[in-house]
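A structural walkthrough
Chain residues, written in single-letter form:
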Amino acid sequence: MSRIEESLYKLFDEHRLVFWYDEKSEMTEDFEQMQLQGIEKVHVQQNPFEVKYRLVKTEPKQKFLLYFSEVRPAYEDNWLLDLELAHHVLQTDQEALFLQEMELGYHFRDLVTEHLEFFKSKERRTKLKELGTANDTHDEIRYKMLSIVFGVFNYQLSSFVLAHTATFSDGNERLDKELKRYNLEKVYWKEIGKIYGYQSDKPSIFEFLIEVFERNFALGRVTAISKESRLLLSQWRDSIQFRGSYHVISQKISEELPIAAKLQNATLDEIADDELFKLTDLKIIHTMQKAVIEQTIASDKLNGIIKRRENKFWYRELEELYQALWHGSDLIALVKKHADTKYATFEEGVKDYAQNLYKVDQSYRKFIFHYRASNQNRVLSELYDRIEKIYSNDWLLHYNDNWQPRVDELDAWPNQKLNSQQLFFKNQVKPFLDKRQRLFVVISDALRFECGQELTARLLSENKYLASIEPLISTLPSYTQLGMAAMLPVTNTLSLQTNSDTVLVDGMASLGIQGRSKVLETNSDVRATAIQAEEFMAKNSVQEGGNSLKTMT
């Protein structure tokens, strides 16, 4: 059974009369050879009245297939029009078959003819039918056809443009060829002209994008491109699927247009909110570096500009440079404020550092961290040199000179003061043990006070922890073994072994985990032990970790 016969039987399930128009008489032989059970075949040839009388009066219940080997007449010339409208019209040219397959009305025939190459693909016809077209207008169907060509799941022009751009950025001209082949090229560019204001005798996606970038660049020229293009750029940058192509196209356009030359004399205020080109960010960074070095920009203004850049497209790629600028600027401002600070007493100096001056060291650490993390050391090399000089000469040298007299005035190093490292166990640990509470002490070698302050701030920001920080005066000389031993429970003496740097706690060697564990077991009066962080973190099960904790207090 042929496909036409299958279609006819389906039609006769719902209609008594089927009108078959074969304008080019291509199917006459097929019609004559058909054997349709229960269906009367009639070749209508200049006898519409006779046929109508038979259909209506003589055999009003018989099913008829009425074949016309001629052009379907206009409504006003069609004597069988009332019956056609009440039943079904079949046409077997290519366009008509496609219309029937997709269950589209005859009034879409011109659309199918115009884009015939598109409809020749069974896959494309199936996809289009699945999108639901029965109640659509011509333009709505064309938009759905474009969505299939561009491989997107919506019918928005911006999505078509972004898909087109992504393919172009890969050096692939497939979409341009398909638009031309399916005769959708004019439709597509007409819509772009209507929405975005782009007009060209020979339109191209790259030329269009050049005009869009030119229109929206802070230092660009006014063009016919509409403000809608700004939304297109925003969608493009925010799109997970297409944002990769933005890198490529932006770079390509920055080479096509004189962007570097336009940025040469641009001020920060002119370009602070522009995000089209990476060159703009680099110009902002370069200008701010110069201003920080020359101290012509206030820290608040610089930090404000960086905050405005945080949501811009290129920020993530250049974040380390921006952060290095932020902390470098802060350091210079802090040194200028505190470098000549002087104290009346040793205690006053300790208190001021813990409350204020740690910020200088913190800013320096963060500047160095972000500068190195950028892997673009040349970009901020001038600022790096300047920061090193300021930190070493203007800060450390001056501050140490101001601090040293307070140290010189001491009769002895304050090992037995309340905030001494040697009283750590007595003041910080024993109160918990006296209440028979389990306690964990985490010791990090060489963790600076300013790092501890940042850790405290982060814990508090979680809104589920309590945390506080207090400074302790280190033992002297300040080296790891003595510092670790000083925080253990010392009953009588803390001393150095003769001709050695080994530290003894009440005569017991405190070197290593075994030494410290022995001191804890002997002097703490509770069940206690010491363990390396690596060993504890390597425990691979709740049971194993739980068993270890049972031995600790």
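The structure we're discussing is the one just above.
Residues numbered from 1 in each chain as written. Predicted model: local features only at pLDDT ≥ 70, side-chain atom pairs only at ≥ 80, totals over all residues. Heavy atoms only, no water.

1. Some remarks on the sheet that holds strand E5 (residues 494-496)
The antiparallel open sheet is built from 3 strands, whose spatial order is E5-E6-E7. The sheet is open, and its two borders are formed by E5 and strand E7 (508-509), each paired with just one other strand. Of the pairings in the sheet, the one linking strand E6 (residues 503-505) to E7 comprises 2 bridges and is antiparallel in character. From the neighbouring strand, valine 505 faces E7, where its bridge partner is methionine 508. (Pairing = 2+ DSSP bridges. Helix = DSSP H or I, 4+ residues; strand = E, 2+ residues; numbered from the N terminus.)

2. Quick notes on helix H15 (residues 243-256)
Residue pairs spaced three or four apart in an α-helix point in one direction, given the helix's 3.6 residues per turn. When the terminal C-alpha atoms of H15 are compared, their 20 Å separation across 14 residues agrees well with the 20 Å that a helix rising 1.5 Å per residue should span. Regarding H15, the residues found buried are Ser245, Tyr246, Ile249, Ser250, Ile253 and Ser254. Seen end-on, H15 carries its buried residues on one side only, within an arc spanning 160°. (Expected span 1.5 Å × (residues − 1). Buried < 20%, exposed > 50% of the residue type's maximum accessible area, 1.4 Å probe, protein only. Arc of directions from axis to C-beta.)

3. A short note on the packing of helix H9 (residues 138-150) against helix H11 (residues 174-181)
The geometry of H9 relative to H11 is characterised by a closest axis approach of 10 Å and an angle of 145° between their N-to-C directions. The crossing of H9 and H11 is right-handed. Where H9 abuts H11, its residues Leu146, Val149 and Phe150 lie against Arg174, Leu175, Glu178 and Leu179. (Axes fitted to C-alpha atoms, helices over the stretch in contact; angles between N-to-C directions. Left-handed = near helix turned anticlockwise from the far one by under 90°. Contact = heavy atoms within 4.5 Å.)

4. Observations regarding the nonpolar core
Ranked by size, the top nonpolar core spans 101 residues in total, and within it Tyr188 and Phe208 carry the most contacts. Ranked by residues supplied to this core, first place goes to helix H20 (residues 315-338) with 11 residues. Setting aside chain neighbours within four positions, we find phenylalanine 208 in contact with Val161, Trp189, Ile192, Tyr196, Tyr198, Ile225 and Leu232. In terms of nonpolar packing, the next biggest core, distinct from the first, is built from 16 residues, Phe425, Leu488, Val503 and Val505 among them. (Core = buried A, V, L, I, M, F, W, Y, C linked by side-chain atoms within 4.5 Å.)

5. Side note on the packing of aromatic side chains
Under the definition given, this model contains 35 aromatic pairs. By way of ring pairs, the aromatic residues Tyr143, Phe150, Phe160, Tyr188, Trp189, Tyr196, Tyr198 and Phe208 are connected into one cluster. The residue whose ring lies beneath arginine 124 is phenylalanine 118, and the NZ or CZ to ring-centre distance is 5.5 Å. Sitting over the ring of phenylalanine 206, lysine 252 keeps its end group 5.4 Å from the ring centre. (Phe/Tyr/Trp six-rings, centres within 6.5 Å; stacked < 30°, edge-to-face > 60°. Lys NZ or Arg CZ within 6 Å of the ring centre and 35° of its normal.)

6. Topic: the pairing of strand E1 (residues 17-21)
Among the 5 residues in E1, 5 count as buried, and that is most of the element. Of the two faces of E1, the one carrying Leu17, Phe19 and Tyr21 and the one carrying Val18 and Trp20 are both buried. Judged from the 5 bridges that link them, E1 and strand E3 (residues 63-68) form a sheet pairing that is parallel. Looking across to E3, one finds that tyrosine 21 is bridged to phenylalanine 68. Summarising the sheet, E1 and strand E4 (residues 88-91) pair through 4 bridges and their orientation is parallel.

7. Topic: the side chain of aspartate 361
Residue placement: aspartate 361 occurs in helix H21 (residues 346-373). Notably, aspartate 361 is buried but unbridged: the nearest opposite-charge side chain belongs to arginine 448, and the N-O separation is 4.8 Å. (Lys, Arg positive; Asp, Glu negative; His and termini not counted. Salt bridge = Lys/Arg side-chain N within 4 Å of Asp/Glu carboxyl O.)

8. Describing the side chain of serine 169
Inspection of the secondary structure assignment puts serine 169 in helix H10 (residues 157-169). Given the relative accessible area of 16%, serine 169 is considered buried. A polar contact is formed between the side chain of serine 169 and the backbone oxygen of alanine 166, at a distance of 2.7 Å. Excluding anything up to four places from it in sequence, serine 169 contacts Ser245, Val248 and Ile249. (Polar contact = N/O pair within 3.5 Å; in protein donor to acceptor, adjacent residues only side chain to side chain.)

9. Let's talk about the environment of threonine 223
Residue position: threonine 223 is located in the loop between helix H13 (205-216) and helix H14 (228-238). The spacing of threonine 223 and tyrosine 106 is 117 residues in sequence and 43 Å in space, taken between C-alpha atoms. Once residues within four sequence positions are removed from consideration, threonine 223 is found in contact with Glu211, Glu214 and Arg215. Of the polar contacts made by the side chain of threonine 223, one reaches the backbone nitrogen of isoleucine 225; its length is 3.2 Å.

10. With respect to the sheet that holds E4
Reading across from one edge, E2-E3-E1-E4 is the order of the 4 strands in this open sheet, with parallel pairing throughout. Of all strands in the sheet, those bounded by a partner on one side alone are strand E2 (39-43) and E4. Adjacent strand axes in the sheet meet at a mean angle of 20° when their direction is disregarded. Across 5 bridges, E2 lies against E3 in parallel orientation.

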